[in-house]
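# Chain and residue survey
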Amino acid sequence: MYKLIDKIFDTVIKLLTLFSLLILVFIIIFIFKESIVFFKEVSILKFITGRKWNPLKSPTDLSILNIILGTLYVSFVAIIIALPIGVGTGLLLSIYTNGKWKVITRGIIDILAGIPSVVYGFIGLLVIVKFFEAVLDFPTGESVLAGGILLSVMILPYIISTCSETMDNIYKENLFSSEALGTSKIYMARKIVLPESKKGIIAAVILALGRAMGETMAVMMVMGNTPISPKLLKRAQTIPSLIALEMGMAEVGSLHYHALFASGLVLMIMLLIINIIFYYIKKGIHVR
Amino acid sequence: MLENIKELLFKIWIILSGATVLFLTLFIFGYIIKHGFRSINIEFIFGNPKGIPLGAEGGVLPAIAGSLFLTIIACIFASVLAISTSIYIVYYCKSKRIENIIHTIIQCMAGIPSIVLGLFGYTLLVVNLKLERSLLAAGITLGIMIFPFIQVRIEKAFREASSTIIQSSYALGVSNSYTFLKLILHICKFEIVSAITLAGGFAMGAAAPIILTGAVIFAPIPKSLLSPVMALPFHLYILIGEGISLEKAYATALILISLLLIINMVSMVLIFRKRRSTE
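Residues numbered from 1 in each chain as written. Chains lettered and ligands numbered in written order. Predicted model: local features only at pLDDT ≥ 70, side-chain atom pairs only at ≥ 80, totals over all residues.

## What about the domain arrangement of chain B?
Residues and elements named next belong to chain B. How we decide: Boundaries of every domain are those given by an automatic assignment or by a domain database. Residues are scored as being in contact if the C-beta atoms we place from backbone atoms lie within 7 Å. By the convention adopted, Pro, Cys, Tyr, Trp, Phe, Met, Ile, Leu, Val and Ala count as nonpolar, Lys, Arg, Asp and Glu as charged, and the other residues, Gly among them, as polar.
Each assigned domain of chain B is listed with its residue range as follows: domain 1 (2-38) and domain 2 (62-278). Here the C-alpha centroids of domain 1 and domain 2 sit 31 Å apart. Facing five residues of domain 1, the contacting portion of domain 2 comprises five residues. For the side of domain 1 that touches domain 2, the per-class residue count stands at three nonpolar, two polar and no charged.

## Notes on helix H5 (residues 117-134) of chain A
Given 3.6 residues to a turn, an α-helix orients residues that are three or four positions apart in the same direction. All names here are of chain A. Formally: Starting at the N terminus, helices and strands are each numbered in turn, a helix being any DSSP run of H or I of at least four residues and a strand any DSSP run of E of at least two. Each helix should span, by expectation, one fewer than its residue count multiplied by 1.5 Å. Here the bend at each residue means the angle between axes fitted to two seven-residue stretches, the one ending at that residue and the one beginning there. Here the C-beta atoms are placed from the backbone, and a residue counts as buried if at least 20 other C-beta atoms lie within 10 Å of its own, exposed if 12 or fewer do, and partly exposed otherwise.
Across its 18 residues, H5 extends 24 Å between first and last C-alpha, which sits within 8% of the 26 Å expected from 1.5 Å per residue. The axis of H5 is deflected most strongly, by about 35°, at Gly 124. Taken as a whole, H5 has its buried residues at Ser 117, Val 118, Val 119, Tyr 120, Gly 121, Phe 122, Ile 123, Gly 124, Leu 125, Ile 128, Val 129 and Phe 132.

## Topic: the interface of chain A and chain B
Residue-level contacts link 63 residues of chain A with 68 residues of chain B. Sort the elements by how many residues they give to the side of chain A that touches chain B and helix H1 (residues 2-41) of chain A lands first, with 19 residues. Each residue belonging to the side of chain A that touches chain B can be placed in one class, and the counts come to 45 nonpolar, 12 polar and six charged.

## Describing the nonpolar core
Condition: The term nonpolar core refers to a group of buried residues, namely Ala, Val, Leu, Ile, Met, Phe, Trp, Tyr and Cys, whose C-beta atoms join them within 7 Å.
Core analysis: the biggest nonpolar cluster contains 179 residues, and Ala 208 of chain A together with Leu 70, Ile 146, Ala 199 and Ala 203 of chain B have the highest contact counts within it. No other element matches the 17 residues that helix H6 (residues 144-181) of chain A contributes to this core. The two domains that each donate at least three residues to this core are domain 1 (2-38) and domain 2 (62-278) of chain B. Other than its neighbours up to four places away in sequence, Ala 208 of chain A contacts Ile 79, Ala 82, Ile 155, Tyr 158 and Ile 159 of chain A.

## Thoughts on the packing of H5 of chain A against H6 of chain A
Residue and element names in this part refer to chain A. How we decide: For helices, the fitted line uses only the C-alpha atoms of the stretch in contact; every axis is such a line through C-alpha atoms, and the angle between N-to-C directions lies from 0 to 180 degrees. Oblique is the label for any angle not covered by the other classes, which are roughly parallel (under 35 degrees), roughly antiparallel (over 145) and roughly perpendicular (65 to 115). Crossing handedness follows the turn of the near helix against the far one: under a right angle anticlockwise gives a left-handed crossing, and clockwise gives a right-handed one.
Packing of H5 against H6 brings their axes to within 10 Å, and their N-to-C directions diverge by 140°. The angle between H5 and H6 falls in the class oblique. Classified by chirality, the crossing of H6 by H5 is right-handed. Contacts between H5 and H6 involve Ser 117, Tyr 120, Gly 124, Ile 128, Val 129 and Phe 132 from the first element and Ala 146, Ile 149, Leu 150, Val 153 and Met 154 from the second. Per-class residue counts for the contact of H5 with H6 are nine nonpolar, two polar and no charged.

See below:
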C-alpha cells in the first residue's frame with residue numbers, strides 16, 4: 001500500500017517538474033513559431049537594422065532599430081542614475097544593520113520592489129513628467145530622461161539587494177581581522193568591502209539591466225511611445241511598450257501581428273543572454 | 001589630510017544614498033496615501049464602476065475581486081509546480097549536471113520579460129487553446145511569471161531544513177511521500193507560505209501579462225474561470241491612460257498599494273515567527 005502511494009508520489013513529482021521545465025521550451029517554441037512567419041517576408045537583418053516602423057503604410061515597412069536603441073538608451077540612463085545610490089545604500093545596510101534591523105530593511109526593500117509598475121508609471125506621469133513640463137518648461141515632458149529617472153527608482157531595490165548580499169559576506173569574512181587591527185567600520189567599508197565586491201556590483205548591474213529592458217507599463221506611460229531615433233529629451237519607444245500598445249490593434253495572423261512577435265523574440269534573446277551572464281557571474285561569487 | 005577628506009566624502013555618499021532610498025519610499029507611499037485618501041469611501045470599494053466614460057463614477061469592486069481571483073489562480077498554479085520542482089532538485093536529483101541544467105532553465109524563465117509571457121499566453125492559451133480572454137488564461141500567465149520566484153525561495157528553504165530529521169525518517173523506514181508531506185512541508189511551512197504570498201503580491205500588481213490575456217475595461221465579478229475579468233492595475237492604467245478620472249485613479253492606486261502592503265506584512269510576520277520558533 002505505502003509502496004503504491006510512494007510510487008504515485010514519485011511519478012507526480014517527476015511529471016510536474018518536467019512540465020514546469022517544458023514551459024520554457026514552449027515559450028521559446030511558440031514565440032519563435034509566430035516570428036518565423038514574419039522573417040519569411042522580411043529579412044532578419046532588415047528587421048533589426050531598419051529605422052522605419054509603419055504598420056499602416058506598407059506591411060513590410062516594419063523594422064525596429066529605433067525601438068531597440070530606445071530600449072537600450074532608457075535602460076542605461078536608469079542604471080547610471082541608480083548605480084551610485086544603490087551601491088551606497090548597499091554598503092550602508094551591510095555595515096550598519098544587523099539582526100532584526102536587517103530583516104526589516106530587507107522587508108522595506110522588498111516592498112519597494114513589489115510596488116506595481118503601473119503605480120510607478122502613474123507617479124512618474126504626475127510628478128516627473130509634470131515637473132519637466134511645468135517647472136523646467138520642456139516642450140515635452142514625456143522623454144527618455146523621464147523614463148530613465150523612473151526606471152532608476154524601480155531598479156534600485158534589485159541593485160541594493162544584490163549588492164548588499166555580496167557585501168554582507170565580505171564584511172563578515174573580514175570583520176575579525178579588521179576589529180583586531182582596530183580600524184573603523186567606515187574605513188573597512190571603503191578599503192575592503194567596496195573594492196572586494198566588484199563582482200557583486202557587476203552582477204547587480206546586469207540584473208538591473210535585464211529588469212529595466214523588460215519593463216513595460218511604467219516606461220510606456222512616461223516615454224511618449226514614438227518610434228523615432230531616441231534623444232535624451234525627446235520621446236522614444238521601447239520594445240515592451242510597442243508590444244503592449246499594438247497587440248490589441250493587430251489582427252491575428254496579419255504581418256503586423258507576427259512582427260510584434262518577432263520584436264518579442266528579439267527582446268527575449270537579448271534578455272536571455274543577459275540573464276545567463278548574470279547567473280554565471282553570481283555563481284562565480286559563491287564559489288569564491 | 002587627504003585621507004580624511006576622502007573618508008568624509010565616502011561617509012556623505014553612503015548616508016545620502018540611504019537617505020535618498022528612504023525618502024523615495026516615504027514619498028511614493030505618502031503621495032498615494034495623501035491623494036488617494038480623499039476620494040476613497042465605502043461606495044468606492046463596494047460599488048460597480050459607473051458614469052460616462054465608464055469608471056468616472058462609482059467603485060472598483062469587480063476589479064478588486066478580479067485581482068484577487070487572478071492572484072489565487074496564479075499562486076496555485078505556480079506553487080504546485082514550484083514545490084514539486086524544488087522537491088525534485090533537493091531530494092531526488094542525484095546528478096549535479098542535471099541540477100545545473102534545471103537551475104539554468106529556471107534562471108532563464110525568471111529573465112523572460114512579463115510582456116513576452118503575455119505574448120506567449122496570448123498565442124497559446126487565448127488563440128490556440130481557445131480559452132478567449134479569460135480569468136484562467138490570465139491567471140496561468142501570471143503563474144508562469146511568478147513560478148521562478150517561488151521556486152528559488154522554496155528550494156532555499158528545503159536546503160536549510162535540518163537534514164538530520166529527514167535522514168532519521170529514512171533510517172526508520174518511513175516512506176518518501178510521508179516524509180515529504182508530513183515532515184518537510186511541516187518544517188518549511190512558514191517559508192513556503194511567505195514565498196507564495198510575496199509572489200502573489202507581484203502577480204497582483206502586474207499589468208503587462210494580463211493586458212493581452214484577460215483583463216478588460218469592464219466586466220462584472222467573474223462567475224466562471226472562462227469569463228473575462230477586471231483587474232486593479234489594468235483599471236488604473238485605463239483611468240490614467242484614457243484620462244477618465246484622476247481622483248478615481250488615486251483611489252485605485254491606494255487600494256492596490258494597501259492590498260500589497262497587507263500581503264507583504266503577512267509574509268514578513270511569517271518570517272519573524274519562523275525565526276522566533278527556531279531561536
